[in-house]
Amino acid sequence: MAAFTEASLLDVWEAAHGLSGVRRALALAVAAGAEPAGVGDLAVGRRDEFLLALRERCFGTAFPCLVDCPSCGAELELELSSRDLRPSQVDSAPVLAVAGYEVEFRAVTSRDVLEATSRRALLERCVAGELPEAVLAALPEALAAADPQADVRIELDCAVCGHRWASPFDIAGYLWTELEARARRLLYDVHALALAYGWSEAEVLAVSPGRRRRYLELAGTVA
Ligand SMILES: [Zn+2]
């Protein structure tokens, strides 16, 4: 896939700015190529595959992370790769057999998350027909197994105290933090160089980042 230009990065930021949570994740998935009309009905893990691909196009395949150890509080610095964030998809049958019941189910979608008013309502949307208590209890685990990309967990161990745990990784939040930081930086550059030289946004973005820094230095406006 082609690299993302800075102008398209600003477009993506603008489209998702002002949205939050699931709606922002959907806007980012559309920017990555998901069909706008069908993106809400994709399994959450499928949607997040689009976000992972978008992140790789914008910022590469290395994911620097800062994580606090839940046991001793030490701040751990680590670098994940895209590979760590793509759990192997198991071809599990969308049928849950428990306590004599056999229930067909499907993965949770963004629309489910947006429209369900309770956790039970969310689970009910994923099965056809009745939802006996035994099935209700076993369903979350079956859903997670059927769509591992929807709930990525990273195995970590603390270098200070040796504590081991599985930390969730939220690609939507991670990508948005990066996009927002980059967009703010770009908007600052446009603002400062437009003031200093009278350039338009397109003219500023046409200058390579290295030269832009030099011009900002010359104009005395490096932040
Ligand atoms: Zn620790």
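Residues numbered from 1 in each chain as written. Predicted model: local features only at pLDDT ≥ 70, side-chain atom pairs only at ≥ 80, totals over all residues. Heavy atoms only, no water.

### Quick word on the overall build of the chain
- Broken down by element type, the chain carries nine helices and six strands.
- Computed over the C-alpha atoms, the radius of gyration of the chain is 22 Å, more than 25% above the 17 Å expected from 2.2 N^0.38 for a compact globule of 223 residues.
- The dimensions of the chain, computed from C-alpha atoms along their principal axes, are 75 × 50 × 30 Å.
- The burial tally for the chain puts 39% of its 223 residues in the buried class.
- Carbon together with sulfur atoms contributes 52% to the accessible area of the chain, which is approximately 12,500 Å² in total.
- Positive and negative side-chain charges in the chain, numbering 22 and 33 respectively, have mean positions lying 5 Å apart. (Helix = DSSP H or I, 4+ residues; strand = E, 2+ residues; numbered from the N terminus. Rg over C-alpha atoms; globule rule 2.2 N^0.38 Å. Buried < 20%, exposed > 50% of the residue type's maximum accessible area, 1.4 Å probe, protein only. Areas by Shrake-Rupley, 256 points an atom, 1.4 Å probe, with all protein chains shown as cover. Lys, Arg positive; Asp, Glu negative; His and termini not counted. Charge placed at Lys NZ, Arg CZ, Asp CG, Glu CD.)

### So, helix α2 (residues 21–31)
- The set of residues buried in α2 consists of Val-22, Arg-24, Ala-25, Leu-26, Leu-28 and Ala-29.
- Those residues of α2 that are buried are in contact with α1 (6–16), α3 (44–59), α4 (110–115) and α7 (171–197).
- In the segment just after α2, Gly-33 is the residue with positive phi, at about 115°. (Contact = heavy atoms within 4.5 Å.)

### Comments concerning the packing of aromatic side chains
- Overall, the coordinates contain six aromatic pairs when judged by the stated rule.
- Ring geometry for Phe-63 against Tyr-174: centres 5.5 Å apart, planes inclined by 40°, an arrangement best described as tilted. Placement of the pair is Phe-63 in strand β1 (residues 62–68) and Tyr-174 in helix α7, with a sequence separation of 111 residues. With respect to class, Phe-63 is no different from Tyr-174; both count as buried.
- Where Tyr-197 meets Trp-199, the ring centres are 4.8 Å apart and the plane angle is 20°; that geometry is what we call stacked.
- Taking relative accessible area as the criterion, Trp-199 reaches 22% and is therefore assigned partly exposed.
- Members of the aromatic cluster, connected to one another through ring pairs, are Phe-63, Phe-169 and Tyr-174. (Phe/Tyr/Trp six-rings, centres within 6.5 Å; stacked < 30°, edge-to-face > 60°.)

### Let's talk about α1
- Leu-9, Leu-10, Val-12, Trp-13 and Ala-16 are the residues of α1 that are buried. Seen end-on, α1 carries its buried residues on one side only, within an arc spanning 160°. Turned more than 90 degrees off the buried face of α1, the exposed positions are Glu-14 and Ala-15.
- At its buried positions, α1 is contacted by α2, α3, α7 and α8 (201–206).
- Note on α1: the residue one or two positions beyond its end, Gly-18, has a positive phi of about 90°. (Arc of directions from axis to C-beta.)

### Details of the coordination of the zinc ion
- For the zinc ion, every protein donor is listed as Cys-69 (SG), Cys-72 (SG), Cys-158 (SG) and Cys-161 (SG), and the spread of their distances is 2.3 to 2.4 Å.
- Classification of the site at the zinc ion rests on its four donor atoms, whose angles at the metal span 108 to 112°, yielding the label tetrahedral.
- All donors of the zinc ion come from a single chain, and their spacing in sequence reads C-x2-C-x85-C-x2-C. One end of the pair, Cys-72, is in the loop between β1 and β2 (75–81); the other, Cys-161, is in the loop between β5 (153–157) and β6 (164–168), and 89 residues separate them in sequence. (Donors = N, O, S within 2.8 Å, 3.2 Å for Na, K, Ca; no water. Tetrahedral: all angles 85-135°; square planar, octahedral: opposite > 155°, others 65-115°.)

### Details of the domain arrangement of the chain
- As far as domains go, the chain holds domain 1 (6–87 + 154–186) and domain 2 (95–150).
- Distance from the C-alpha centre of domain 1 to the C-alpha centre of domain 2: 25 Å.
- Both sides together, the interface formed by domain 1 and domain 2 hides about 1,100 Å², and carbon and sulfur atoms give 58% of it.
- At the junction of domain 1 and domain 2, the tally comes to one salt bridge.
- Note that Arg-111 and Asp-41 form a salt bridge whose closest N and O atoms lie 2.6 Å from each other.
- Here domain 1 and domain 2 share seven residue pairs in polar contact (both at pLDDT 80 or more) between them.
- Those elements that provide at least two residues to the side of domain 1 that touches domain 2 are α2 and α3.
- In terms of residues, the side of domain 1 that touches domain 2 owes the most to one element, α3, which gives seven residues.
- Class assignment of the residues belonging to the side of domain 1 that touches domain 2 gives a composition of eight nonpolar, two polar and seven charged. (Domains from an automatic or database assignment. Buried area = accessible area lost by both parts, 1.4 Å probe. Salt bridge = Lys/Arg side-chain N within 4 Å of Asp/Glu carboxyl O. Polar contact = N/O pair within 3.5 Å; in protein donor to acceptor, adjacent residues only side chain to side chain. Nonpolar A, V, L, I, M, F, W, Y, C, P; charged D, E, K, R; others polar.)

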